[in-house]
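Below are the chains, spelled out letter by letter.
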Amino acid sequence: MSTFDWKKILQIGLIGGIVGVLIALVGMVEEFNERDIIAGTLTMGWTMLILTVLVMAYFVAGTVKAHSWLNVAAGALSGAVFSVVMSLLTWMVDSFDLRQTLVNASPSLVKILTFEQGIPNGLITLIVAGIVVGAVGSAIFILPERIRKAVTLGLGMVAFLGLMQDIIQVSLAGFEGLSDAIAWMFGRGIENGLSVAGAITVFLVVSVSNLLWDTNAPKVNARIEKLPQKSRRSLKWFGYGMLFLVIIYLPAILGLYLTEVVNSTGLFILMGLGLNIVVGFAGLLDLGYVAFYAIGAYTVGVLTNLSGELTSSFGWNFWFALPAAVALAVIAGVMLGIPVLNMRGDYLAIVTLGFGEIIRILALSDFLKPHIGGSQGIVNIPPPKFLEVLVNNPQTLYYFIVAGAVLALFTSQRLRDSRLGRSWKALREDEDVAQAMGINLVATKLMAFATGAAFSGLSGSILAVKLGTIYPHSFALLISINVLALIIVGGMGSIPGVFVGGLLLAGVPELLREFAEYRLLIYGALLVVMMQVRPEGFWPEATHKRELHEADEEARLTAEGQEA
Amino acid sequence: MSILSIENIHTYYGNIHALKGISLHIEKGEIVTLIGGNGAGKTTTLRTISGLLKPREGTVKLNGEDLSKYKAHEIVYKGISMVPEGRGVFARLTVTENLEMGAYSRNDKGENSRNLERVFTLFPRLKERRTQVAGTLSGGEQQMLATGRALMASPNILLMDEPSMGLAPVLVELIFDTIQQINKEGTTVLLVEQNASMALGIANRGYVLQTGQIVLSDSAEALKSNPTVQKAYLGME
C-alpha cells in the first residue's frame, strides 16, 4: 500500500531545515568550507548540508511505504522545504545585521549559501539544488538493496578519502613510485580533496567491487567450505599471518603522526575493553572509570620518576612499577566495589561518578602535594627499556600498546565465555534470579570491578610513560564519559564493538584536530542519532540486539511458524 | 527426620514484621502447599527458606542442618531450587541459555545433559523453542522455562512460587500435572499458591497462612473439607 503523508514529509523537511540552520549558525558551514572533499567542486561545508538532506531522505523514505516515484517526489518535497528554510536564513542574514548575537551570520555565509550569485539568483539555485539532492537522496533508498549498499559505500569512501586526504598524502609521500598516482588522485596539492577524476574512480572502484563481492561472496564462501579441512585451516592461518604482518609494519607505513593517533586510539580501546567488562558484561554502570586510569598513571609516576621534586623518590624500574600499578588499580576497584555492592543502576552511576571525582581532587590537593605533585603533577617519568630498546617514541610505544590491547582482547574473550562470564551475564539480566541460580553476587561484582580496573590501570601506566609527565587535569570526568560513549556507540558488551567505537570516537576526532571546536557538538549529535536509529551500536552483541529488536524477532518467528 | 523443617521463624522487611513465628516441616517425597491470601507471607516464607531473606529469629533446617550460616547462592548447592514469583526468566537470553544458567551450580557435564533431556521430555514445547528468546515466550511457556531452569540444578527440594499466576486454566492444569510428574520422579515440592483448590488437589498436606502466621495445617483432603478453608479460599458457601 502506498501512502503519501504530506504532514510527516513537511515535518521532516522542517526539522532538517532547522538542523541546517543550526549547522550554518554555529559556524560549521563557513569553517568547513575551507576544506574541499572534491577539489574545486565540493567543499566539506556543503557536504555537511548534503548529508543533512540525505539523512532527511532516509527518514522520508521510511514514511512512504512504496518503492516508486512517490518516494522521489517525497524526497524532493522535503529537500524543497529544507532549502526554503535555508534560503529564509540566507535572506535574513543578508537583510538584517544579526552579527551582534549570531557571530557566524556573516556576509561570507551568505556568499557560500548563494553560490556567490547574489540574492535572488543564488536562492533559486539553492532551492533547485535542495530539490535535486532530496530527490536523488530518496532515489538511493528505492534502489534494490544490493545496489544501494554499493552506492552508499562508494559515496562514503569518497567522503572519507576526501576528508583524510592530507593525512593519506603525507603518509604515502614516502613511496616514490606512487607519487604520480597520488598527484592524479588528489589533484591540486595538499590543501584540497580528491580530484574529480580521482573521486569518480574511487566511487566506481568501491561500488563495483562491493557489488561484485556481494554477488560472489556466497560462491566464494561455498568454495572455501568445500575445501578439505587442512587447506581451510591453512587459509585461516594465512589470514592471521597477513593481519600479523600488517600490525607489525603499521608504524612504518603510517609515519610518526599517524602512529601517535593510533596510539591514543589504542589507549582508549584498552580502557574500553576494561569498561566493557564492567558495563557491558556485568551491567554495572560505572561513571568513575577514569579513577583507575589515574591510579595506574600516578603509581607509575611516583615509583619511577627522576625529578627529585617529590619527598619520596623510589626510582623503580618501569617493569616493576607496572605490575604494582595494575595491582593498586585492582585494589582500588575492589575498594570501590565493596560499598556499592547493594546499589543498582542510577545509584551506582552517581556513586562511581563521585569516586572518579574524589580521585581527581585528591591528585590536585595540597594534602598529597609532597607525594604526587598537586596541580603541577609529576614530571620526568623516564621511558622504559625493553631488551635494550628505549620505548620513548610513538613507534616503539605502538608495540607496547598493541601488546596491551591483545592481552586485554584475549582476556575479555576468554572471560566472556567462561563460567565467570556466564555469571556476569546472569547478574546483568536479574540480580535476584542470578542469586537463586547459585551465583555469588559479591564475588561476581567484585571480579567485574577488579578486572575492569586492571585494564584501566594498565592503560594509565602506558599513558604515564607515553607522556613522560602527568597532571591531574588529564583525568577529568570527560575521559570516563568518552570511554562509556565509545562502548555505547560500538555496542554494549560487544568486543569488536569496542574497536569500532574507539576508532570512531577517539581515532577520527584525533585526525580532525582542526575542527576540535565542534568535536563535542558532533559527538553529542552522533550519540542522539545513534540512539534513535541504531540503539544497539555499530557492532552489537547478539543478546543486546535481540532485546532492542524484539518486535522483529517475533515477526521472524511468526514467519517461520507459518512456513513450517 | 524431615527433609526440611522450619522452626518459629520471624522475618522482617525493615520494621515490618512479615513472618510471626512460622513452623512447618516437609517430609521427603511430599508435595506440601502453602495457601493464603495476598500479603499472608507465602512468598516471604519461600524467600526465607532460599536465603534471600534472613530471619531475625528461628531456624531453617535441611536434613537437620541449620541453614542460617549459608548465603542464598550456597543454598542452591545444598539442593534447594526456587522457581521465583512472576517466573523471572532471563528475558534477553534464549531458552537454552536460560536452562544452562539453571545448571550454573552443577559442573558435571553428563548430569547437565541428562537434566536438559529430562526438561525437554517434561516440556516438549521448550525443545521446539530452544533458540527463541525467553522474553518472547508466552506466559505459560515462561513458567515452563522457569520450572525447567530450576530442575537443571538437580534439586532435592523445589520451591514454587505461584506457578498458576496469570495463566489460562488449561495451562494451569498442565503445569500442575508436571509438578506431580516431577514429584513422582523423586523431587520434594513446596508449592505456594493462591489457587487453593488446584494446589490442594495435588498436595499431600497443606498449611494455611494468614498475616504471617500459620492458622491451620492438615492433610490436603482434610483442608479441602474444612468449612473455614472452603469459605475463605475455595469460594464455597
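Up top is the structure.
Q: What am I meant to see in empty space enclosed by the protein here?
A: Space left empty within the atom packing is revealed by a probe, the size of a water molecule, rolled over the atoms. All names here are of chain B. Under the definition given, this model contains two cavities of 30 Å³ or more. What the largest cavity holds in volume is close to 80 Å³. Lining the largest cavity are 13 residues, with Thr-48, Pro-55, Val-60, Leu-67 and Ser-68 positioned closest to its centre. Per-element accounting of the lining of the largest cavity gives the leading share, three residues, to strand 4 (residues 57–62). Considered class by class, the residues forming the lining of the largest cavity number six nonpolar, five polar and two charged. Put simply, the second largest cavity is a space of about 50 Å³. Counting only elements with at least two residues in the lining of the second largest cavity, the list comes to helix 2 (72–77) and strand 6 (80–83).

Q: I keep staring at the layout of surface pockets and nothing clicks. Help me out?
A: Residue and element names in this part refer to chain A. Estimated volume of the second largest pocket: approximately 500 Å³. Where the lining of the second largest pocket is concerned, the elements lending two or more residues are helix 11 (229–281), helix 19 (441–467), helix 20 (477–490) and helix 21 (495–511). Top element by residues in the lining of the second largest pocket is helix 11. It accounts for four residues. Partitioned by chemical class, the residues of the lining of the second largest pocket number 11 nonpolar, four polar and four charged.

Q: Looking at this structure, I do not really get the interface of chain A and chain B. What am I missing?
A: Accessible area lost during the coming together of the parts is what is often quoted as the interface size. On the chain B side, the residues contacting the 25 residues of chain A number 24 residues. For the pair chain A and chain B, the summed buried area comes to about 2500 Å², and 59% of that belongs to carbon and sulfur atoms. On inspection of chain A and its partner chain B, the count reaches two salt bridges. A salt bridge links Arg92(B) to Glu429(A); the shortest N-O distance between them is 3.1 Å. The interface formed by chain A and chain B includes six residue pairs in polar contact (both at pLDDT 80 or more). Breaking the side of chain A that touches chain B down by element, the ones donating at least two residues are helix 17 (419–429), helix 18 (431–436), helix 23 (542–548) and helix 24 (550–563) of chain A. Considering every element that reaches the side of chain A that touches chain B, the biggest residue donor is helix 17 of chain A, with seven residues.

Rules behind the numbers
Residues numbered from 1 in each chain as written. Chains lettered and ligands numbered in written order. Predicted model: local features only at pLDDT ≥ 70, side-chain atom pairs only at ≥ 80, totals over all residues. Heavy atoms only, no water. 1 Å grid on protein atoms, 1.4 Å probe; cavity = no way out; pocket = protein on both sides within 12 Å on 5 of 7 lines; lining within 4 Å. Points joined across faces, edges and corners; volume = space filled by probe spheres on them. Helix = DSSP H or I, 4+ residues; strand = E, 2+ residues; numbered from the N terminus. Nonpolar A, V, L, I, M, F, W, Y, C, P; charged D, E, K, R; others polar. Contact = heavy atoms within 4.5 Å. Buried area = accessible area lost by both parts, 1.4 Å probe. Salt bridge = Lys/Arg side-chain N within 4 Å of Asp/Glu carboxyl O. Polar contact = N/O pair within 3.5 Å; in protein donor to acceptor, adjacent residues only side chain to side chain.

Remember, this is a structural readout, not a statement about activity or role.
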